[in-house]
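# Structure at a glance
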Amino acid sequence: MEVQFPDGRRLPAHPGISVGELLGTWSPEKARVALAALWNGKPVDLAFRVQEAGSLAPLTFEDRAGWEILQHSSAHLVAKAVVETIPEALPTHGPPTDDGFFYDFDVRPLTPSDLDAIDAAMRRSVEGRERFARREIGRASAEALFAKNPYKLRYLAEAPASEPVSVYDTGGFTDLCRGPHVPDTHWLEGVHLLGFSAITPDRPESRPLQRIRGVGFPTRAELARYLKIREEAAARDHRVIGQRQELFVFADHAPGFPFWLPNGMVIVRELEKFVTEHLRTASYSEIRTPLLFARSVFETSGHWDHYRENMFVSAIEGKEYGWKPMNCPGAMLIFGSRARSYRELPLRFAEFAPLHRYEPSGTLHGLLRVRELVQDDAHLFVTEDQIEPEMRVLLAWIKEAYATFRLDWSAELSTRPATFLGESADWDRAEAVLTRVLDGAGVAFRPSAGEGAFYAPKIDFHVRDSLGRPWQTGTIQLDYQMPRRFRLEYQGADGHLHTPVVIHRTILGTWERFVGVLTEHLAGRWPPWLAPVQVRVLPVTDAHGAAARGVADELSAEGLRAEVAPSDESLPKRVRAAELDRVPYVVVVGDREVADGSVSVRLRGSKAAQSMSRAEFLAHVAGKVRRREFEP
RNA sequence: GCCGCCAUAGCUCAGUCGGUAGAGCGGCUGAUUUGUAAUCAGCAGGUCGAGAGUUCAAUUCUCUCUGGCGGCUCCA
């Protein structure tokens, strides 16, 4: 029999030979880095023995599938260490995730010293080079083996009967597992525990499980590299930069309610201008509606039944009011405030109003998850025919907007949640429209079942923070329900009354979250158009103070944000401070510059200064700002 | 909200085996007038997150609360 390899070569093989040996004869170098293999496209252990002809390819840590195998093996190692450390702990399951692995246990709440002990036990296993040995056993003996672990028994019961039951032995520890695994625990030299937490049980009657999270690498060097990257990412944290650059603060007395500082407000206003320009060209009009509405409005909108646990509520004169968590009710009331004609449609109402949402205390996270937020929100009242053209404009605008910030984004299509308003037929139609629009625009998206708003399916846009955690920013929602519930109508060309369809949409999402993710994305190095201070002018000595003031005034007169750092500190110190403040342009004015009317310009992040005329510099900065260029 | 951890000067952090606290940076003042990532000196700043308990004595030990951090859940 013959075995085929990825480079096309075919080698003879005896039945019963292991894929590890086969890879070794094919390519010793590739076999050395292989942690598992693909046999006829299916992942298998290196110890797997082939019985007939087929195709074979190595799997390494660099392959996604190989990476996942190593994470999964790391999870087994954790389970082994936990059972050694806390014998009564019941392992449940331990899959790889997007960025590592976890293993959940039914066990008493863990402590940090448990984690140390678990880590030490893992080290011992790694040193011991314990093999991951596969055994296929009968269902009955598996049930006997895991008789004391109801979780494993459940997985056994749920596994298809046709599938053989396999277990893996690792240094005296046995776990139910389909595999495959790395050959031995020495492959897990770079395993690292990230922490533990209680996880909310999926069924209310069951006990909370303890989750241990970690990430595995085949070598200590690779782990060290990962830890270094994480450390650098922590320095980009928007909470750290926001403090350093004085963008925003929080107060104990108002948890989750951001206080925007002057520098942060500059950024917010610039972003506002950025989206408002589009509103003008795309024929939006702006509205402003109340922050509070009587309870009855939210009963009409459905918020009272479906969103109440996220709302702040106030009472006065015995009447209940809700703080609006979304802008839609106000827009609906304005649409319904007089008779409407089809000639007015599409009617696009933008509203950037503060919204209040009661977010549980444990979920608050700097600017990324707050209780008071402002969306760059709009509601588009359209006819059925206008849905797709409007959607296309929105998608194009979102792509363009995010490209301005060089943000990597991904899209999700979130469909009807467990409890939703209206009829399934409407949802089918709305979900189909969104799918068609996404496909038509060539936007790749991930379906996200059950994640839609209670009133509409939505396209969500996500960007990631410095640690790779995704955050939803923009959203486009297609709503058949709310206009009906508010009894909105317009008179059509046919003389009959029709209900409009509403598109709820945000482009950047909220100023809070967007500034948060943008801070991390940029590591605080704002493009000139967003920088709170665009130019800092440094006079070399007091004698150049007036000239420096003159340069700053000239820039300010052009609407640029310039300031002077007076000469009571040394020049190197002021240059350093400007660099740490991430000011895009540092201008030095001394004897030479005063003499010839020039400026010495240092661009952020560059060691070298360049000389240019004042007019030249002003034109340069003004142009960068006007065109919203990314780099100074 | 759930599990764990944390809370000392504006910031970053020492420290007190229970006897009310220090540094660097920042701030202020003075000297220095500086040519592209830190000039020197002095001074001011803290009921050690809040409340209660134990104690002769609590910033330190215990409990409760508040806020924050990492997860879970949730979400723009």
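See above for the structure.
Everything quoted here is computed from the prediction, not taken from an experiment.

### Structural notes on the protein's contact with RNA strand B
Around RNA strand B there are 58 residues in total, and S361, R369, Q472, S567 and S600 lie nearest to it. When the atoms of RNA strand B within 4 Å of the protein are grouped by moiety, sugar and phosphate amount to 56% of the total. Note that a base nitrogen of RNA strand B is positioned 3.5 Å from one of the side-chain N or O atoms of R357. Going through the elements one at a time, β12 (192-199), β13 (209-215), α8 (238-244), β22 (372-382), β26 (470-479), α18 (571-580), α19 (591-596) and β33 (598-603) are the ones with two or more residues in the surface near RNA strand B. In terms of residue count, α18 provides more of the surface near RNA strand B than any other element does, seven residues in total. Of the residues that constitute the surface near RNA strand B, the class distribution is 18 nonpolar, 18 polar and 22 charged.

### Some thoughts on the environment of V240
Along the chain, V240 falls in helix α8. The exposure class assigned to V240 is partly exposed, which follows from its relative accessible area of 46%. C-alpha separation for the pair V240 and P483, spaced 243 residues apart in sequence, amounts to 43 Å. Those residues in contact with V240 that sit more than four places away from it in its chain are A234 and A235.

### Overview of the nonpolar core
Core analysis: the biggest nonpolar cluster contains 77 residues, and L271, F405, L478, L508 and F617 have the highest contact counts within it. By residue number, the principal contributor to this core is helix α13 (residues 387-404), which donates eight residues. Ignoring sequence-local partners within four residues, the contact set of L508 consists of L271, F274, V275, D376, A401, Y402, F405, T473, G474 and F514. Grouped together as the second largest cluster of nonpolar side chains are 39 residues, W67, A79, V107 and F132 included.

### A word on helix α6 (residues 150-158)
Among the residues of α6, those classed as buried are Y151, K152 and L156. Projected down its long axis, α6 shows its buried positions confined to an angular sector of 140°, all on one face. Across α6 from its buried face, at more than 90 degrees, point the exposed residues A157 and E158. Residues of α6 that are buried make contact with β6 (90-91), β8 (100-106), α5 (139-145), β10 (165-170), β11 (173-176) and β13. Where α6 begins, the capping side chain belongs to N149, and its oxygen is found 2.9 Å from the backbone nitrogen of Y151.

### Some points on the packing of aromatic side chains
Applying the stated criterion across every chain, the model contains 22 aromatic pairs. Considering the side-chain rings of F248 and F250, the 5.9 Å spacing of their centres and the 75° angle between planes classify their relative orientation as edge-to-face. Overall, F248 belongs to the buried group, its relative accessible area being 5%. The class of F250 is partly exposed, set by a relative accessible area of 33%. Taking 6.0 Å as the distance between ring centres and 85° as the angle between the ring planes, the aromatic pair formed by F293 and F298 counts as edge-to-face.

### Quick look at the side chain of H544
You can see H544 is positioned in the loop between β30 (535-539) and α17 (545-557). Residues within four places of H544 in sequence aside, it is in contact with P539, V589, G590, D591 and V594.

### Let's talk about the side chain of K458
In this fold, K458 is placed in strand β25 (residues 458-464). Accessibility expressed as a relative area gives 12% for K458, which makes it buried. Setting aside its immediate chain neighbours within four residues, K458 contacts E412, L413, S414, L434, E451, G452, A453, Q472, T475, I476 and Q477.

### Some details on the sheet that holds strand β34 (residues 609-613)
An order of β31-β30-β32-β33-β34 is seen for the five strands of this open sheet, with the pairing classed as mixed. Looking at the sheet topology across the chains shown, the edges are occupied by β31 (562-564) and β34. Within the sheet, the average angular offset between the axes of one strand and its neighbour, ignoring direction, is 30°. Bridge count between β30 and strand β32 (residues 585-589): five bridges; the pairing is parallel. Residue pairing across strands places V535 opposite Y585, the latter belonging to β32. Its contacts with the sheet put helix α20 (residues 614-626) on β30, β32, β33 and β34, and the angle it makes with β34 is roughly 105°.

### A closer look at the packing of helix α9 (residues 262-281) against α13
Packed helices, taken two at a time, are described by their axes: the angle between them and the distance between them. At a minimum axis separation of 12 Å, α9 and α13 run at an interaxial angle of 150°. Taken together, the axis directions place α9 and α13 in an arrangement best described as roughly antiparallel. For the crossing formed where α9 meets α13, the hand is right-handed. Residues F274, V275 and H278 of α9 form the contact with α13, whose own contacting residues are W397, A401 and T404.

### Remarks on the packing of helix α3 (residues 64-85) against helix α4 (residues 112-127)
At a minimum axis separation of 8 Å, α3 and α4 run at an interaxial angle of 120°. In terms of orientation, α3 and α4 fall into the oblique class. Seen from above, α3 lies across α4 with right-handed handedness. On the side of α3, the interface is formed by L77, V78, K80, A81, V82, E84 and T85, while α4 contributes A117, I118, A121, M122, R124, S125 and V126. Residue composition of the contact of α3 with α4, grouped by class: nine nonpolar, two polar and three charged.

### A few points about the sheet that holds strand β18 (residues 313-316)
Read from one edge of the open sheet, three strands run β17-β19-β18, paired in antiparallel fashion. Sheet topology places β17 (292-294) and β18 at the edges, where each strand pairs with a single neighbour. Taken pair by pair, the neighbouring strands of this sheet meet at an average axis angle of 35°, ignoring direction. The sheet contact formed by β18 and strand β19 (residues 319-323) spans four bridges and is antiparallel. Bridge pairing in β19 links S314 to Y321.

Cut-offs applied
Residues numbered from 1 in each chain as written. Chains lettered and ligands numbered in written order. Predicted model: local features only at pLDDT ≥ 70, side-chain atom pairs only at ≥ 80, totals over all residues. Heavy atoms only, no water. Near = heavy atom within 4 Å. Polar contact = N/O pair within 3.5 Å; in protein donor to acceptor, adjacent residues only side chain to side chain. Helix = DSSP H or I, 4+ residues; strand = E, 2+ residues; numbered from the N terminus. Nonpolar A, V, L, I, M, F, W, Y, C, P; charged D, E, K, R; others polar. Buried < 20%, exposed > 50% of the residue type's maximum accessible area, 1.4 Å probe, protein only. Contact = heavy atoms within 4.5 Å. Core = buried A, V, L, I, M, F, W, Y, C linked by side-chain atoms within 4.5 Å. Arc of directions from axis to C-beta. Phe/Tyr/Trp six-rings, centres within 6.5 Å; stacked < 30°, edge-to-face > 60°. Pairing = 2+ DSSP bridges. Axes fitted to C-alpha atoms, helices over the stretch in contact; angles between N-to-C directions. Parallel < 35°, antiparallel > 145°, perpendicular 65-115°, else oblique. Left-handed = near helix turned anticlockwise from the far one by under 90°.

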